[in-house]
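Each chain, written out:
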Amino acid sequence: MGYVVLVIINISVTIWTIYNFERLTSAINTILAENYPNVMAVENMARSIGNHDDAVGLALNRDADSGRVKFADAKTEFFQWYEEANKSLVVPDAKPILENIRSTYAGYLIVTDSLFALVSERRYAEARAFYNYTVIPFTQRLTENCFWLIEENQKEMQTVAGKTRTISDEAIIAVLFASLLAIGLSVITMVQFTQRIIKPAELLTETVNQIGRGRLDLKTDIKTNDEVGELSREFNKMTERLRQYEELNIEKILSEEKKSETIVESISDAIIVCDSESNIQVINRSAEQLLGIVEHNAVGKSVNACLTDDRLLNIFRNPADLELINEPYLQFQYQNRSVYLRPRVSVIFSLHGERNGVVLVLQDVTQYKELDKMKSDFMAAVSHEFRTPLTSINMGVDLLRQQLLGPLTKAQEDLLNSAKQDCERLTKLVRELLQLSKLESGKIEMREDIVDFRKVIETTLQPLQLPFQEKGVVLNLSLNSQLPPLVGDEQQFSWVISNLLNNALKYTDEGGTVEIRAVPDGESILLQVKDTGKGIPSEYLGKVFDKFVQVKQSLNSTPGSVGLGLAIAKEIVEMYGGKIWVESEVGNGTTFSFKLPAAQVHQV
């Protein structure tokens, strides 16, 4: 009922307002539709009379042709606006004035014809005198009549404007009175209805606030039969269900928390969980024993206050960037022995993408590290033992091929050539295994010579020119003129470059291109070997630098190669603090890149 009253009041005020604005609009339209066109027509007539006078002036200034043309245009314009003034005639006394203008204009045309005749006969002095004493009076009478007609129209417009102001004042007073009446009635109506709504609503709001603070045992006491009463009863039911649900959830949460704690404690790997502020929330027994801290002393405290290992602190500061750790394993001393742990980091995000916490798992890979070391030692021992018999076999094969012990048949010579090739492959394999073993064990001494990297690249390319030419692959070289020197071993750098170029040549077909490019990168040097070969499948990109990994894509793989070249190149680059990586797409070629860090670059 309250809304019905308000709607009726608003509809009444709106109808009354529309009525008064219609009256005001009608008065304004009278001015615009009736008086304004007549005023504009008379003003244009006056302007055309001025154009007549300008045309006569051109004729008097000995430009009779231009004067006649302009006079004809002005004449046409005058008759056009004269007809328009007749059509839009509003002022009662305007008809005689328009007839007077028409007759005066006829006389004006007669005298101007006489004037143009004098000009045509080049009697300019007589023409000017005729203009001053005969033509100008006609012009003045025409102009005066036009302005008088404009003044009459303006007086009529002022009369209509006065009526419009009266209507406007009446409309303002009427609308204002109706609005005040509507506001008064609306206030009275709303006060009556809000008294029945506000008090129960305030009581309900207070109850809601207390329930929001955790008091789920409260209920509202509104007993009315209206909508607020119905809301109150439904609210009481909801509160009861919330109380039951909370009791059930608390029990469930405690049970799940106990399960989680049991699972975390049972995991043998060290686990540390921090919140968004890097405060420790969970730490299991393995982490306690490894780091020498106690859980109840660490929980709730910052990792900076509990941990002293900078490697772990860097992980918590930058959990998304494990590359800050130079090695894939972290070495710790535990119970008088070295243990190797692989860090695994998971960032906990909220629904809005904000970081809520970090989980760090230190996976114990000591056993695998020891197995890898045993494998490397075994390969080194086997490779070392292979060297002596391989040398003897090589010497024996060479003596037989040189026919020092007697002539050979064609079949014997072919067998010896095959044996020689197998010996060379085995010798290369043994040499690579020994070099890799030395690199992994740290037995190779790092040299700190000042190396001209440009010279290293150019020297490495010299013996490779012929293989590239024989296969029909173009080798392009792009070196920056400001390439700085490095500190390191020239032969080891040359081996890395040579290995990358040989791989590029091996997997690039005839007619392809291999480009080697070296540029400064900040205070480092970036070298790239880019080919247009077959490319590397995505599943191999993360494995190509592992030992004994080969990408078997074609039948032209190098016989005897066991996939140690890139592993050795990676060890050499990382030994000098550098980084090596690969980018490739099947069918679009491969780019191998390595970069030496700023600490290894010296400007001289």
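Every value quoted in this text rests on a predicted model; they were computed, and no experiment measured them.

A. Expanded view of the overall build of the chain. Of the regular secondary structure elements, the chain holds 15 helices and 12 strands. Counting the 604 residues in the chain, one finds 36% classified as buried. In the chain, once contacts between residues fewer than 6 apart in sequence are set aside, the share between residues at least 24 apart is 62%.

B. Inspection of the sheet that holds strand E3 (residues 330-334) at higher detail. Strand order in the open sheet made by the five strands is E2-E1-E5-E4-E3, with antiparallel pairing throughout. The open sheet has two edge strands, strand E2 (280-283) and E3, and neither has a second partner. Averaged over all adjacent pairs, the angle separating strand axes in this sheet is 25°, with direction ignored. Sheet analysis places E3 next to strand E4 (residues 337-349), joined by five bridges and oriented antiparallel.

C. Local environment of the environment of Ala201. Note that Ala201 resides in helix H4 (residues 124-212). The sequence separation of Ala201 and Val228 amounts to 27 residues, and the corresponding C-alpha distance is 7.4 Å.

D. Fine view of the pattern of salt bridges. The final tally for this structure, using the stated rule, is seven salt bridges. With a shortest N-O distance of 2.6 Å, Arg123 and Glu121 are connected by a salt bridge. Residue classification places Arg123 among the partly exposed positions, given a relative accessible area of 35%. In this structure, the salt-bridge partner of Arg123 is Glu126, at a minimum N-O distance of 2.4 Å. What makes Glu126 partly exposed here is its relative accessible area of 42%. Overlapping salt bridges bring together Glu121, Arg123 and Glu126 as one network.

E. Structural view of the side chain of Thr508. Along the chain, the position of Thr508 falls in the loop between helix H14 (490-506) and strand E9 (513-521). A polar contact is formed between the side chain of Thr508 and the backbone oxygen of Ala504, at a distance of 2.5 Å. Aside from chain neighbours lying at most four places away, what touches Thr508 is Lys471, Val473, Thr513, Val514, Asp531, Thr532 and Gly533.

F. Examining the sheet that holds strand E7 (residues 474-479) more closely. One open sheet holds the five strands; their spatial order is E7-E9-E10-E12-E11, and the pairing between them is mixed. Strand pairing shows two members of the sheet lacking a second neighbour, E7 and strand E11 (579-584), which therefore form its edges. On average, each strand axis in the sheet is inclined to that of its neighbour by 15°, with strand direction left out of account. As judged from the six bridges shared by E7 and E9, these two strands associate in the parallel manner. Bridge pairing links Leu477 to Ile516 in E9. Along the sheet, helix H15 (residues 565-575) makes contact with E11 and strand E12 (590-596), crossing E11 at roughly 140°.

G. Molecular detail of the packing of aromatic side chains. One pass over the full model with this rule turns up 10 aromatic pairs. Relative to Phe116, the ring of Phe71 has its centre 5.4 Å away and its plane inclined at 70°; by these criteria the two rings are edge-to-face. One end of the pair, Phe71, is in helix H2 (residues 64-87); the other, Phe116, is in helix H3 (residues 94-120), and 45 residues separate them in sequence. For the pair Phe71 and Phe116, one class covers both residues: buried. Aromatic rings pair up to connect Phe71, Phe78, Phe79, Tyr105, Tyr108 and Phe116 into one cluster.

H. Summary view of the packing of H14 against H15. Orientation of H14 relative to H15, taken along the N-to-C sense of each, is 145°, at an axis distance of 10 Å. Considering how the two elements wind past one another, H14 and H15 form a crossing that is left-handed. Within the contact between the two elements, H14 uses Gln492, Trp495, Val496, Asn499, Leu500 and Asn503 and H15 uses Gly565, Leu566, Ile568, Ala569, Ile572, Val573 and Met575. Its residues placed into classes, the contact of H14 with H15 shows nine nonpolar, four polar and no charged.

I. Examining a nonpolar patch on the surface more closely. A cluster of nonpolar side chains, Leu176, Leu180, Ile183, Val187 and Val191, forms an exposed patch at the surface whose accessible area comes to about 460 Å². For Val187, the position within the fold is in helix H4.

J. Representation of helix H12 (residues 453-461) in the model. For H12, the full list of buried residues reads Phe453, Val456, Ile457, Thr460 and Leu461. Mapping the buried residues of H12 onto a view down its axis gives an arc of 125°, with all of them on the same face. Of the residues flanking the start of H12, the one acting as N-cap is Asp452, its side-chain oxygen 3.2 Å from the backbone nitrogen of Arg454.

K. Local environment of the confidence of the model for the chain. Predicted confidence across the chain gives a mean pLDDT of 77, with 79% of residues reaching 70 or more. For residues 554-560, every residue scores under 50 in pLDDT, and the model assigns this stretch seven contacts once sequence neighbours within four places are set aside. Note that pLDDT drops below 50 for residues 599-604; the model gives that stretch 14 contacts with residues more than four away or on any other chain.

L. Quick look at the nonpolar core. In terms of nonpolar packing, the biggest core is built from 41 residues, with Phe453, Ile457, Ile497, Leu501, Leu527 and Phe594 touching the most fellow members. Sorting the residues of this core by element identifies H12, E7, H14, E9, strand E10 (524-531), H15, E11 and E12 as the ones contributing at least two each. Examining the composition of this core, we find that seven residues originate from one element, H14, more than from any other. In this structure, Phe594 is in contact with Phe453, Val496, Ile497, Leu500, Ile525, Leu526, Leu527, Val573, Lys579, Ile580 and Trp581, ignoring residues within four places of it in sequence. Listed in part, the 33 residues of the second largest apolar core include Ala59, Leu60, Tyr105 and Phe116.

The rules behind each value
Residues numbered from 1 in each chain as written. Predicted model: local features only at pLDDT ≥ 70, side-chain atom pairs only at ≥ 80, totals over all residues. Heavy atoms only, no water. Helix = DSSP H or I, 4+ residues; strand = E, 2+ residues; numbered from the N terminus. Buried < 20%, exposed > 50% of the residue type's maximum accessible area, 1.4 Å probe, protein only. Contact = heavy atoms within 4.5 Å. Pairing = 2+ DSSP bridges. Axes fitted to C-alpha atoms, helices over the stretch in contact; angles between N-to-C directions. Salt bridge = Lys/Arg side-chain N within 4 Å of Asp/Glu carboxyl O. Polar contact = N/O pair within 3.5 Å; in protein donor to acceptor, adjacent residues only side chain to side chain. Phe/Tyr/Trp six-rings, centres within 6.5 Å; stacked < 30°, edge-to-face > 60°. Left-handed = near helix turned anticlockwise from the far one by under 90°. Nonpolar A, V, L, I, M, F, W, Y, C, P; charged D, E, K, R; others polar. Patch = residues over 30% accessible without salt bridge, like charges linked within 9 Å, V, L, I, M, F, W, Y side chains within 5 Å. Areas by Shrake-Rupley, 256 points an atom, 1.4 Å probe, with all protein chains shown as cover. Arc of directions from axis to C-beta. pLDDT = per-residue confidence, 0-100. Core = buried A, V, L, I, M, F, W, Y, C linked by side-chain atoms within 4.5 Å.

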